[in-house]
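What follows is each chain in one-letter form.
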Number of protein chains: 2
Amino acid sequence: MPVSRREVLVGSVACGAATLARAAEMPAEVERWGIWEASFEGPATGNPFDDVRIAAILEGPGKRLRVPGFYDGDGIYRIRFSPPEQGRWRWMTDSNAAALHGRSGSFEATAPSKGNRGPVRVTPDGYHFAYADGTPFRQIGTTSYSWALQSDAKCAETLATLKASPFNKMRMCVFPNVPAVATDPFVRTGPGLKDWDPARFDPAYFRRFEDRIRRLGEIGIEADVILYHPYDPKRGYSDMQRADDERYIRYVAARFGAFRNVWWSMANEYDLVPTKTTADWDHLFQLLQAADPHDRLRSIHQFDVYYDARRPWITHASIQNNSAVLDDLRAALHRDFALKPVIFDEVAYEGNFNEPWGWLKAEELVERFWYGLVGGTYVGHSETWEPNRDARFSWLGQGGRLTGTSAPRLAFLRRIMEEGPTPGFEPIQAWWNHHVAGKPYEYYLRYFGKDTPREWPVVLPSGTGTGHGNTPPDRGKDPIALRADIIDTWAMTITPVDGVFRMSPRGDYELHDPARPTIWLPDKPYLAVRLVKTQG
Amino acid sequence: MPVSRREVLVGSVACGAATLARAAEMPAEVERWGIWEASFEGPATGNPFDDVRIAAILEGPGKRLRVPGFYDGDGIYRIRFSPPEQGRWRWMTDSNAAALHGRSGSFEATAPSKGNRGPVRVTPDGYHFAYADGTPFRQIGTTSYSWALQSDAKCAETLATLKASPFNKMRMCVFPNVPAVATDPFVRTGPGLKDWDPARFDPAYFRRFEDRIRRLGEIGIEADVILYHPYDPKRGYSDMQRADDERYIRYVAARFGAFRNVWWSMANEYDLVPTKTTADWDHLFQLLQAADPHDRLRSIHQFDVYYDARRPWITHASIQNNSAVLDDLRAALHRDFALKPVIFDEVAYEGNFNEPWGWLKAEELVERFWYGLVGGTYVGHSETWEPNRDARFSWLGQGGRLTGTSAPRLAFLRRIMEEGPTPGFEPIQAWWNHHVAGKPYEYYLRYFGKDTPREWPVVLPSGTGTGHGNTPPDRGKDPIALRADIIDTWAMTITPVDGVFRMSPRGDYELHDPARPTIWLPDKPYLAVRLVKTQG
């Protein structure tokens, strides 16, 4: 979804005599969920990253927020704010530098332009996502760790690939993990890999990164920004001391947090970072939460040990587990543990790598997405296809082109999702071993994976209970009429089943149609059946 | 396992002139993990439950503990202590009542007698249980909520049933939930169900209950004591005010905690108690932990919403979920979330009740135990068989006799467990979708449930990784020789497979024997295969 040119408004307020004149030139309006940015000239000596603090107090309709700013080099300080409400916003700066303190002004947050649906939030039911305007966000993610750190040409190729793809979320690392053009987030102090100063960011590195975030936003893709990873101990960006970590977290929060498509992923495979304990991660999350007035989504991705997704600073579980999404009920259990939305961000990848995490067939990857859907969860893609079987240079590492065959099937899946219940698919009576999802009495989806039953008994749970729970189905609901489609998830075909299923109670807990007890299925794997309420 | 008569030693120390004389008569020794009990005469006026505090400071080999006492009525106060170490223990009382303050003495904790293996603890690996002497505790639990509140004759029948059964843990409520002989833990104040004084316990009620705990101990059964439940709102014992709950928790901790077979289950279906929030349960757990110097195992059992088993005061997850144990990998995920041992204490019951939670066939209940085992977890039994289909009067409600057919199969299962790896069965490469448990390169167990494959490909993961984890199998381990048994878990037969499987690598991640690629199985459900290392 293209973002209006108008929505990012940049005002520049110089210190000294010219201040009021330049301030008066600042744009008077920005659209809701766009970015209001004010820039100020301030101290350039010493270490501005440590010596100077700047923030703005923003007062708007029913809200008062403190928004930290950041130093962008060359004596320029910036404050970025994405207004969560339409209306008048007044601002005033607070700084320990006299030149930056007490500046003030106001602007109007106007109605969002077409395609601006606001940031993605967790839905009130607790297990799905929607844009701030209420549109469901049907997560079909992908990962390309260091795509944003590649050349502009390579990045343009990646963006073109994404634009033609079904993906609406990209997992991407701030720090490089494979060969990249941009490798130095911090100012270098010598020739060695570890010769860098954690107290001095290189603004150009972050400017490049946020340009990638912005471009993703322009094509409607969420940027799941991974702050740490364990893959580069030689440079050691993920092995900083606590005070340096805190400076870094504050910097990215102030710099990136106003982009409405930003999500925070604290780390990839956090439990493989040897220099940080769970207590350290907890601390950094609390710091991030406090440093981010935009309150973007927050998660963390694990290798072996699931992080406790019930922690209050976690908005959704980000899970790596490839066998948990080979059964919808295994997937659904993750909701019962997290009590939050669940994204299986890593379920092994389509490709030709020589280890199990990177050698899935496309069929196997697509299968995981479908089981995840029926489990009421979301799944993520990536691919490792590479001529020399070197995953570093694949889509997973650097982006570029997709050469696998799963993406079109995921586009088909996304269509099925978008035609389904809102805000998402709920497992129906999962704790009683039913394998259907949707919305009781309106929509039922069953997926067969590799199984090839010749006929499927059309027996549905009679209850209205969804999600987790021991509550057995309700008794005595009214009969319903359903029409059915046989979905070939691999061939991407939808074949209507003739006629109507008039479902009535069978015993206390089930619905069936005595006249049409089964649906015959073609002898193929990867089929699904959906049943949708009809007036028939 | 019978408990030596000598191990429960009761000393009575009266106040006043006779004190020293009687103290001198106190037994000079008690065996380790037995109960040292001192009784004192003290104030009987006012409300001793609220007015009088008594505790003893115990000093023994390398340990110093504060052990709260309790009022047992008729002016008698008791302190119970189970010495965790052999050796000399010195004690001194601390009380706000002069008559109870400053009493002191000492005793010798001697070697445990035969059959006294100490309390059950979580094993160092984190996922299993063992007695304090190191003997693995292979949990085969059952539930009879109000058995302890029935007549002595009925209780004797229950105990005789248990003695002949495979069960080694009994879940039992302090408060009645079905018709019972004992219904009044608190002093009654009038004729109505709610006419009772939460500030005054009826010692006789608790004396009866602890007699049941003691008798369970005498036959080697752990008492999983359920402190609250939602089933009796008319009496409302689970709906007390916070100060009353605190008094109650302290009382049971002081009174029951010294019995080495006591486990604490904070509540049954905690989330159905409308008068308590999760914050309330958290508080009561912290209180219990502080009030129980014996540090007995602590869990809580849910209806719909899993309690967060990672909370530090939880020693193991107690789970109700009947479909999670229809797949070993679903069961195993609970370990990954809890990072602690998991007991599926309720998986629906064998019986003839008219709702799904109480109408399992014995086959279906036994199946859940086996899947739980392969998932590295433990499962609990109960049955609802009752001539009039009234579960209140079944084993589940009142105890008595078992009439189902699952118990003998669970005895057989326990034998298989005891012949297996210590401290328990670990899932092997579960995150890579392998369905085997045991101990890598020594013991593998595969269970087929209702499936009836005619032949099973003997392909095992080559790795040594157990439990949760994305780590793929190790490469290049030495070949091993395994012998195999086909286990009919229902018929309770073990049929050796002739010869030896000489397992060698197939690719990087699997073991097989090219000469013997499969095992042929009889055309029956509920089979298992175990493969055990042999020198052959």
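Before reading on, note that the structure itself is shown above.
Residues numbered from 1 in each chain as written. Chains lettered and ligands numbered in written order. Predicted model: local features only at pLDDT ≥ 70, side-chain atom pairs only at ≥ 80, totals over all residues. Heavy atoms only, no water.

1. Some remarks on the packing of aromatic side chains
Aromatic ring pairs: the centre-centre distance and the angle between the two ring planes describe each pair.
Argument step 1. Under the criterion given, the structure shown has 87 aromatic pairs over all chains.
Argument step 2. When the centroid spacing of 5.2 Å and the interplanar angle of 75 degrees are considered together, the rings of F49 of chain B and Y71 of chain B count as edge-to-face. Residue F49 of chain B is found in helix α2 (residues 48-51), and its partner Y71 of chain B is found in strand β6 (residues 70-71); the two are separated by 22 residues along the sequence.
Argument step 3. When the ring of F49 of chain B is compared with that of F201 of chain B, the centres are 5.3 Å apart and the planes differ by 80 degrees; the resulting orientation is edge-to-face. Taken as a pair, F49 of chain B in helix α2 and F201 of chain B in strand β15 (residues 196-201) lie far apart in primary sequence, 152 residues in all.
Argument step 4. For F49 of chain B, a relative accessible area of 16% puts it in the buried group.
Argument step 5. A relative accessible area of 1% places F201 of chain B in the buried class.
Argument step 6. Sitting over the ring of W281 of chain A, K276 of chain A keeps its end group 5.9 Å from the ring centre.
Argument step 7. Note that R335 of chain B overlies the ring of Y127 of chain B, its terminal NZ or CZ placed 4.1 Å from the centroid. (Phe/Tyr/Trp six-rings, centres within 6.5 Å; stacked < 30°, edge-to-face > 60°. Helix = DSSP H or I, 4+ residues; strand = E, 2+ residues; numbered from the N terminus. Buried < 20%, exposed > 50% of the residue type's maximum accessible area, 1.4 Å probe, protein only. Lys NZ or Arg CZ within 6 Å of the ring centre and 35° of its normal.)

2. What to know about the interface of chain B and chain A
Argument step 1. Taken residue by residue, the interface counts 39 residues in chain B and 39 residues in chain A.
Argument step 2. When chain B packs against chain A, close to 3,400 Å² is buried across both sides, 59% of that on carbon and sulfur atoms.
Argument step 3. Across the chain B-chain A interface, the total number found is two salt bridges.
Argument step 4. The residue R330 of chain A makes a salt bridge to D327 of chain B at a minimum N-O spacing of 2.7 Å.
Argument step 5. Counting residues per element, the side of chain B that touches chain A draws most heavily on helix α7 (residues 328-338) of chain B, at six residues.
Argument step 6. Tallied by class, the residues present in the side of chain B that touches chain A amount to 18 nonpolar, 13 polar and eight charged. (Contact = heavy atoms within 4.5 Å. Buried area = accessible area lost by both parts, 1.4 Å probe. Salt bridge = Lys/Arg side-chain N within 4 Å of Asp/Glu carboxyl O. Nonpolar A, V, L, I, M, F, W, Y, C, P; charged D, E, K, R; others polar.)

3. Here we look at the nonpolar core
Argument step 1. Ranked by size, the top nonpolar core spans 250 residues in total, and within it L227, Y228 and W370 of chain A together with L227, Y228 and W370 of chain B carry the most contacts.
Argument step 2. Those residues within four positions of L227 of chain B in sequence are excluded, and the remaining contacts are V174, F175, Y248, I249, V252, W264, S265, M266 and L288 of chain B. (Core = buried A, V, L, I, M, F, W, Y, C linked by side-chain atoms within 4.5 Å.)

4. Focus on the pattern of salt bridges
Any two side chains of opposite charge can pair, on the condition that their charged atoms come close.
Argument step 1. A complete count under the given rule lists 84 salt bridges over all chains for this structure.
Argument step 2. Between R171 of chain B and D345 of chain B there is a salt bridge whose closest N-O contact spans 3.9 Å. Placement of R171 of chain B in strand β13 (residues 169-173) and of D345 of chain B in strand β20 (residues 342-346) is noted, with a sequence separation of 174 residues between them. Comparing R171 of chain B with D345 of chain B, the two get one shared label, buried.
Argument step 3. As a salt-bridge pair, E442 of chain B and K439 of chain B come within 3.9 Å of each other at their nearest N and O atoms.
Argument step 4. E442 of chain B sits in the partly exposed class, given a relative accessible area of 38%.
Argument step 5. Connected through salt bridges with shared partners, the residues E37, D72, R78, R80, R207, E210 and R255 of chain A form a single ionic network.

5. Considerations on the relation of the copies chain B and chain A
Argument step 1. Under the fitted operation, chain B is carried onto chain A by 0.0 Å of movement along the axis and a turn of 180 degrees, and the coordinates agree to an RMSD of 0.0 Å. The symmetry that links the two subunits is that of a two-fold axis. Closest to the rotation axis within chain B is the C-alpha of R330 of chain B, separated from it by 2.6 Å.
Argument step 2. Most of the interface of chain B is mirrored in chain A, where 100% of its interface residues are also at the interface. (Least-squares fit on C-alpha atoms with pLDDT ≥ 70 in both.)

6. Some points on the sheet that holds strand β2 (residues 29-31) of chain A
Residue and element names in this part refer to chain A.
Argument step 1. Ordered in space as β2-β9-β8-β4-β5, the five strands form an open sheet in which the pairing is mixed. Of all the strands in the sheet, the pair left with one neighbour each is β2 and β5 (63-68). On average, each strand axis in the sheet is tilted by 30 degrees relative to the strand beside it, whichever way the strands run.
Argument step 2. Across three bridges, the pairing between β2 and strand β9 (residues 104-110) is parallel. In the sheet register, E29 faces β9, and the bridge partner there is E108. (Pairing = 2+ DSSP bridges. Axes fitted to C-alpha atoms, helices over the stretch in contact; angles between N-to-C directions.)

7. Side note on the packing of helix α8 (residues 362-374) of chain B against helix α10 (residues 406-418) of chain B
Residues and elements named next belong to chain B.
Argument step 1. Across the interface, α8 lies against α10 with an axial gap of 9 Å and an inter-helix angle of 15 degrees. Looking at the two axes, α8 sits roughly parallel to α10. Handedness of the α8/α10 crossing: right-handed. Of the residues in α10, those in contact with A362, L365, V366, F369, W370 and L373 of α8 are S406, R409, L410, F412, L413, I416 and M417.
Argument step 2. Tallied by class, the residues present in the contact of α8 with α10 amount to eleven nonpolar, one polar and one charged. (Parallel < 35°, antiparallel > 145°, perpendicular 65-115°, else oblique. Left-handed = near helix turned anticlockwise from the far one by under 90°.)

8. Comments concerning helix α6 (residues 278-291) of chain A
Residues and elements named next belong to chain A.
Argument step 1. Taking 1.5 Å of rise per residue, 14 residues should cover 20 Å, and α6 covers 20 Å from first to last C-alpha, within 8% of that figure.
Argument step 2. Along α6, the residues classified as buried are W281, D282, L284, F285, L287, L288 and A291.
Argument step 3. Structurally, α6 contributes buried residues whose contacts are with β5, β16 (222-228), α5 (242-256), β17 (262-267) and β18 (298-299). (Expected span 1.5 Å × (residues − 1).)

9. Overview of empty space enclosed by the protein
Argument step 1. This structure, assessed with the given rule, holds ten cavities of 30 Å³ or more.
Argument step 2. Quantified by volume, the largest cavity comes out at close to 140 Å³.
Argument step 3. Residue assignment for the lining of the largest cavity shows that the elements contributing at least two residues are β19 (317-320) and α7 (328-338) of chain A together with α7 of chain B.
Argument step 4. The residue inventory of the lining of the largest cavity, partitioned by class, reads twelve nonpolar, no polar and four charged.
Argument step 5. What the second largest cavity holds in volume is close to 90 Å³.
Argument step 6. Forming the walls of the second largest cavity are 13 residues, and the residues nearest its centre are Y307, A309, A317, S318 and I319 of chain B.
Argument step 7. Among the secondary structure elements, those contributing two or more residues to the lining of the second largest cavity are β19 (317-320) and α7 of chain B.
Argument step 8. For the lining of the second largest cavity, a count of residues per class yields nine nonpolar, four polar and no charged. (1 Å grid on protein atoms, 1.4 Å probe; cavity = no way out; pocket = protein on both sides within 12 Å on 5 of 7 lines; lining within 4 Å. Points joined across faces, edges and corners; volume = space filled by probe spheres on them.)

10. Brief notes about the sheet that holds β18 of chain A
Residues and elements named next belong to chain A.
Argument step 1. The parallel open sheet is built from eight strands, whose spatial order is β18-β17-β16-β13-β12-β21-β20-β19. Each end of this open sheet is capped by a strand with a single partner; those strands are β18 and β19.
Argument step 2. When strand β13 (residues 169-173) meets β16, the two strands line up parallel, connected through five bridges. When the bridges of β16 are listed, M170 appears paired with A223.
Argument step 3. Helix α4 (residues 203-218) contacts β13, β16 and β17 of the sheet and is inclined by roughly 175 degrees relative to β13.
Argument step 4. Sitting on the sheet, α5 is in contact with β16 and β17, with an inclination near 165 degrees to β16.

11. Some thoughts on the packing of α5 of chain A against α6 of chain A
Residue and element names in this part refer to chain A.
Argument step 1. Their axes nearest at 9 Å, the elements α5 and α6 cross at an angle of 35 degrees. Viewed along their axes, α5 and α6 form a crossing whose handedness is right-handed. Side by side, α5 and α6 meet where R242, D245, E246, I249, R250 and A253 of the first sit next to A279, D280, H283, L284, L287, L288 and A291 of the second.
Argument step 2. Across the contact of α5 with α6, the residue classes tally to seven nonpolar, one polar and five charged.

12. Describing the environment of R335 of chain B
Residues and elements named next belong to chain B.
Argument step 1. Considering the arrangement of structural elements, one finds R335 in helix α7.
Argument step 2. Taking C-alpha positions, R335 is 9.5 Å from G126, a pair spaced 209 residues apart along the chain.
Argument step 3. From its side chain, R335 meets the backbone oxygen of G376 in a polar contact 3.0 Å long. (Polar contact = N/O pair within 3.5 Å; in protein donor to acceptor, adjacent residues only side chain to side chain.)

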